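Read off the chains here:
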Amino acid sequence: MQIIDGKKVSAQVKESVRLETEALVKNYGITPGLAVVIVGDDPASRVYVNNKKKACELVGFRSEEYALPAETTQEELLDLVNTLNGKKDINGILVQLPLPKHLDDKAVIESIDPQKDVDAFHAVNVGKIMLGEYDFLPCTPAGVMEMLHSYDIPVEGRECVVIGRSNIVGKPMGMLLLHENGTVTICHSRTRNLREVCLRADILVAAVGRPKFVTADMVKEGAVVIDVGMDRDENGKLCGDVDFENVKDKCSYITPVPGGVGPMTIATLMKNTLKAFKLQNNIK
Ligand code: GUN
């Protein structure tokens, strides 16, 4: 069994973004900029936003944080996005989800200029991903693919089972595995015989949001197990969707939580922001 080191792979990705950014700043005299919008004071969102800002600093981007109070109205938020859409020195706009309940996240996402939508959540970008001709890849699924590539884990022709069908992870994850010729099954809360379906998987991706949901009896001997979860166990300790201690000995490869998929999401965000900067400035 080998542990897939997301920290290491993400550091490599960020280093390549850093080097390219350094060269571009030297040649063109402009710096990529990312705006990060956070509404309210969800502690998990706060940690994610801080990590995203730190990554920007590391790779040499400018980042602007817009921390709005929980009572922010839909109109105020849409006004901010509109202003950011028009700012030439902002290449990427990220509105951290979830938003407080009174806000309509769909309308907010659709108000982002698709060229600045570095999360790839906008309908235009989601559509492009379906068609296989995209500018931006969704951060978490693309981070998972990058890990598989980095460890030379083949996808073609293999049984890939994704548990979870969210717009952010499950659905696009299935699509990226399909683009690489995996045979893809997406499972969800209504799936019958979940255990049997999971046991078919050569590559099993858990994106359910329930602590230690994937147990050893659901994993085939020698499978690759990717854990997208960020949960808390019964003692309040950070854990994933996979019962790591009991599953690990059955796997050929497994990602830990923390230090697995999480850092890869941020590395992809940096790649997307650089791509947005190049697109907006006609740089090849
Ligand atoms: N909330 C959880 N994951 C994400 C993500 O990738 N992007 C944004 N904007 N919010 C999130």
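Our subject is the structure that appears above.
Basis of the calculations
- Residues numbered from 1 in each chain as written.
- Predicted model: local features only at pLDDT ≥ 70, side-chain atom pairs only at ≥ 80, totals over all residues.
- Heavy atoms only, no water.
- Near = heavy atom within 4 Å.
- Polar contact = N/O pair within 3.5 Å; in protein donor to acceptor, adjacent residues only side chain to side chain.
- Areas by Shrake-Rupley, 256 points an atom, 1.4 Å probe, with all protein chains shown as cover.
- Nonpolar A, V, L, I, M, F, W, Y, C, P; charged D, E, K, R; others polar.
- Helix = DSSP H or I, 4+ residues; strand = E, 2+ residues; numbered from the N terminus.
- Expected span 1.5 Å × (residues − 1).
- Buried < 20%, exposed > 50% of the residue type's maximum accessible area, 1.4 Å probe, protein only.
- Arc of directions from axis to C-beta.
- Contact = heavy atoms within 4.5 Å.
- 1 Å grid on protein atoms, 1.4 Å probe; cavity = no way out; pocket = protein on both sides within 12 Å on 5 of 7 lines; lining within 4 Å.
- Points joined across faces, edges and corners; volume = space filled by probe spheres on them.
- Pairing = 2+ DSSP bridges.

Trainee: Explain the site of the ligand to me, please; I cannot follow it from the model alone.
Mentor: Near the ligand, the surroundings consist of K52, L94, V95, Q96, L97, D119 and F121. Q96 places a polar side-chain atom, nitrogen or oxygen, 3.3 Å from a nitrogen atom of the ligand. At 2.7 Å from a nitrogen atom of the ligand is found a side-chain nitrogen or oxygen belonging to D119. Within the complex, 82% of the 280 Å² of free accessible area of the ligand lies under protein. Considering only residue class, the shell around the ligand consists of 4 nonpolar, 1 polar and 2 charged.

Trainee: Could you clarify how one ought to interpret helix 2 (residues 43-59) in this entry?
Mentor: Along an α-helix, a turn takes 3.6 residues, which lines up residues three or four apart on a common side. Under the 1.5 Å per step criterion, the end-to-end length of helix 2 is 25 Å for 17 residues, consistent within 8% with the ideal 24 Å. Among the residues of helix 2, S45, V49, K52, A55, C56 and V59 are the ones counted as buried. Within helix 2, the buried residues cover an arc of 120° as seen down the axis, which keeps them to one side. The exposed residues of helix 2 that point more than 90 degrees off its buried face are P43, K54, E57 and L58. Buried residues along helix 2 sit in contact with helix 1 (6-28), strand 2 (33-39), strand 3 (62-68), strand 4 (92-95) and helix 10 (261-280). Just past helix 2, the residue G60 takes up positive phi, approximately 95°.

Trainee: When you look at empty space enclosed by the protein in this model, what are you seeing that I'm missing?
Mentor: To find the voids left in a structure, one rolls a probe of water-molecule size over its atoms. Overall, the coordinates contain 1 cavity of 30 Å³ or more when judged by the stated rule. The space that makes up the largest cavity amounts to roughly 40 Å³. Lining of the largest cavity is provided by I93, V95, I109, I112, D117, D119 and F121. Among the residues making up the lining of the largest cavity, the classes are represented as 5 nonpolar, no polar and 2 charged.

Trainee: Looking at this model, I keep getting lost on the sheet that holds strand 6 (residues 183-187). Mind explaining?
Mentor: Hydrogen bonds between backbone groups are what pair the strands of a sheet, and the pairing can be parallel or antiparallel. As summarised here, the arrangement of the 6 strands in space is 1-11-8-7-5-6, forming an open sheet in which the pairing is parallel. Bordering the open sheet on either side are strand 1 (2-3) and strand 6, each of which pairs with just one other strand. Relative to strand 6, strand 5 (residues 159-163) is paired through 5 bridges, and the arrangement is parallel. Of the residues in strand 6, the one forming a bridge with I163 is C187.

Trainee: What's the story with the environment of P211 in this structure? I'm lost.
Mentor: Along the chain, P211 turns up in the loop between strand 7 (203-206) and strand 8 (223-227). Through-space distance from the C-alpha of P211 to that of D243 is 7.8 Å; in sequence the pair is 32 residues apart. Sequence-distant contacts of P211, that is, excluding residues within four places in its chain, are made with D231, R232, C239 and G240.

Trainee: Can you walk me through the pairing of strand 8 in this structure?
Mentor: Every other side chain in a regular strand lies on the same face of the sheet, so the side chains alternate between the two faces. A large share of strand 8 lies buried, amounting to 5 of its 5 residues. Side chains A223, V225 and D227 of strand 8 all project onto a buried face; the interleaved residues V224 and I226 project onto the opposite face, where all are buried too. Alignment of strand 7 against strand 8, held across 4 bridges, turns out to be parallel. In the strand pairing of strand 8, A206 is matched with D227. Here strand 8 pairs with strand 11 (residues 251-254) via 3 bridges, running parallel. Each residue of the ladder has a partner; that of V224, found in strand 11, is Y253.

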